[in-house]
Protein chains: 2
Amino acid sequence: MSEKPPCDGASAAAVRAPRRVRADSQRNLKTLLETALAVFSTSGVEAPVREIAEKAGVGIGTLYRHFPQRSDLIVAVVRKEVDACAETAAELAAAHAPFEALKCWMQRYVDLVLTKRGLAAALYSGNPAYESLPAYFEGRLLPALQGLLDAACAAGEIRRDVEPYDLLKAVAQLSSSAHDGDPAHTRRMVALLIDGLRYGAAGEQ
Amino acid sequence: MSEKPPCDGASAAAVRAPRRVRADSQRNLKTLLETALAVFSTSGVEAPVREIAEKAGVGIGTLYRHFPQRSDLIVAVVRKEVDACAETAAELAAAHAPFEALKCWMQRYVDLVLTKRGLAAALYSGNPAYESLPAYFEGRLLPALQGLLDAACAAGEIRRDVEPYDLLKAVAQLSSSAHDGDPAHTRRMVALLIDGLRYGAAGEQ
DNA sequence: TTGATAAACGGAACGATGTTCCGTATAAAG
DNA sequence: CTTTATACGGAACATCGTTCCGTTTATCAA
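Source: prediction; values computed, not measured.

Caption draft 1: Highlighting the UniProt feature "DNA-binding region" (unreviewed entry) in chain A. Taking the UniProt record as the reference, the feature "DNA-binding region" (unreviewed entry) is found at residues 48-67 of chain A. The annotated region residues 48-67 of chain A carries 70% helix and 0% strand content, and the separation between its end C-alpha atoms amounts to 14 Å.

Dropping the structure here:
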């Protein structure tokens, strides 16, 4: 058996010392994600991978090292966006009154849906690579919205008979039908929908 | 000016004698449509055009002469399929009792939706080439279903309070959710839905 | 029947795209 | 500083959709 210097106090068997991840690798990964988000928002998800690699100042080989398939990059970007949107909920809840936070977050969610132009095509493409995305959407976004709704309910600012899932879906539908209209209209309609939550609240006037 | 032999008794100006469409051209067009339908049903709409041309025993140039864009071929096949489905309605109405005809046609419609796997992606792709398809669906299928429903209503076999549009959409949804399930389940559920039409009919037992 | 001719055919070639491969560069560890 | 695992870069490949143009052929008039 080959002798290796002890990793630490643990038994020397099995696992070999895992070298730390190279700094440039981490940097490139971060840059690629940011660039891909920017490009996807501008040109849609069907943008060529080469364009993303170039704008990130990185070779195609590097891109493919981090994301073996084009779909992996798309999935990573979407998940990161969803994460960011979900995390916004807590921030808004801490900074505003419950209903105000809810209202702001909904507009944030509209942004999320709006910038994902062309993603629906990928989702419905039958490509197994995207199958996990809808579940991820729900898993992250539902709890976030649930928290906001609970807080607003507890404060007596909104009614209690609305399901987070229904709300999420309704807003998504309002947003997706606006692919040929102006985003301002979508925002107004969503605001109207959310205002509807105040009707019949516990602390009604 | 060049001299041309007179076309016919009409004034010699403007229109020249339009030569008849070549027989091989018509034949190739027909073959291409049939082959494309077969290939799309097997491999999905994302099948390469070259494969279709080869299986049709035709050069790519010929395919592109008839369908300048890949999307043109897809649209043509879909429209032809929709036409065929719509025309089935009249045949079934002539051959069966009203409700039986309705029931059969619905299963025919399920087939139509089922074989169009992956077409949803094209529809939602934002490609303007497919924008006209949903309207064509409604324009052809709604009247067909309307006729079957009217006949069944007149015979007192079903209730009158169901809109053709709602029915079409419901069945499509039942079918599309089956992309990961078995078609048999879809068929049973659709049959159940249609049987629901008999509840509360004029001539109820 | 036989040219003349417009129309259709066939497929090589082009450009774009996703993906692979491998020689080179370099950050981390001793 | 030397070593070495790791990551990088980009040429090269395969596969698309699409274009182009020389060749073939169905139609029509004589």
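Back to the write-up after that little detour.
Caption draft 2: Inspection of the protein's contact with DNA strand D at higher detail. Taken together, 25 residues are adjacent to DNA strand D, and A:Arg22, A:Asn28, A:Gly61, A:Thr62 and B:Arg50 come closest. Looking at DNA strand D alone, sugar and phosphate atoms form 59% of those within 4 Å of the protein. A distance of 3.0 Å separates a phosphate oxygen of DNA strand D from a polar atom in the backbone of B:Val49. Secondary-structure elements contributing two or more residues to the surface near DNA strand D are α1 (23-43) and α3 (60-66) of chain A together with α1 (23-43), α2 (49-55) and α3 (60-66) of chain B. When residues in the surface near DNA strand D are grouped by element, the largest group, five residues, is from α3(A). Residues belonging to the surface near DNA strand D are distributed by class as follows: seven nonpolar, seven polar and eleven charged.

Caption draft 3: Spatial organisation of the protein's contact with DNA strand C. Around DNA strand C there are 24 residues in total, and A:Arg50, B:Arg22, B:Asn28, B:Gly61 and B:Thr62 lie nearest to it. The contact atoms of DNA strand C, taken as those within 4 Å of the protein, divide so that sugar and phosphate hold 56%. Between DNA strand C and A:Tyr64, the relevant distance is 2.9 Å, taken from a phosphate oxygen to a side-chain nitrogen or oxygen of the residue. B:His66 is positioned with one of its side-chain polar atoms (N or O) 3.5 Å from a phosphate oxygen of DNA strand C. Breaking the surface near DNA strand C down by element, the ones donating at least two residues are α2 (49-55) and α3 of chain A together with α1 and α3 of chain B. For the surface near DNA strand C, the element with the most residues is α3(B), which contributes five residues. Along the lines of polarity and charge, the residues of the surface near DNA strand C split into seven nonpolar, seven polar and ten charged.

Caption draft 4: Expanded view of the packing of aromatic side chains. Tallied over the full model, the rule gives three aromatic pairs over all chains. Taking the centre distance of 5.4 Å and the plane angle of 50 degrees together, the rings of A:Tyr124 and B:Tyr124 count as tilted. Here A:Tyr124 is found in the loop between α6 (119-123) and α7 (132-154), whereas its partner B:Tyr124 is found in the loop between α6 (119-123) and α7 (132-154) on a different chain. Here B:Arg79 stacks its cationic end above the ring of B:Tyr136, 4.1 Å away from the centre of that ring.

Caption draft 5: Structural view of the nonpolar core. Judged by nonpolar contacts, the single largest core of 52 residues is most densely connected at B:Phe40, B:Leu102, B:Trp105, B:Met106 and B:Leu141. For this core, the two domains that each supply at least three residues are domain 1 (20-68) and domain 2 (78-198) of chain B. Excluding anything up to four places from it in sequence, B:Trp105 contacts B:Cys85, B:Thr88, B:Ala89, B:Leu92, B:Leu141, B:Ala144, B:Leu145, B:Leu148 and B:Leu168. If you look at the next biggest cluster of nonpolar residues, it comprises 51 residues, including A:Phe40, A:Leu92, A:Tyr130 and A:Leu197.

Criteria and thresholds
- Residues numbered from 1 in each chain as written.
- Chains lettered and ligands numbered in written order.
- Predicted model: local features only at pLDDT ≥ 70, side-chain atom pairs only at ≥ 80, totals over all residues.
- Heavy atoms only, no water.
- UniProt positions renumbered as here; feature names shortened; annotations may be inferred.
- Helix = DSSP H or I, 4+ residues; strand = E, 2+ residues; numbered from the N terminus.
- Near = heavy atom within 4 Å.
- Polar contact = N/O pair within 3.5 Å; in protein donor to acceptor, adjacent residues only side chain to side chain.
- Nonpolar A, V, L, I, M, F, W, Y, C, P; charged D, E, K, R; others polar.
- Phe/Tyr/Trp six-rings, centres within 6.5 Å; stacked < 30°, edge-to-face > 60°.
- Lys NZ or Arg CZ within 6 Å of the ring centre and 35° of its normal.
- Core = buried A, V, L, I, M, F, W, Y, C linked by side-chain atoms within 4.5 Å.
- Buried < 20%, exposed > 50% of the residue type's maximum accessible area, 1.4 Å probe, protein only.
- Domains from an automatic or database assignment.
- Contact = heavy atoms within 4.5 Å.

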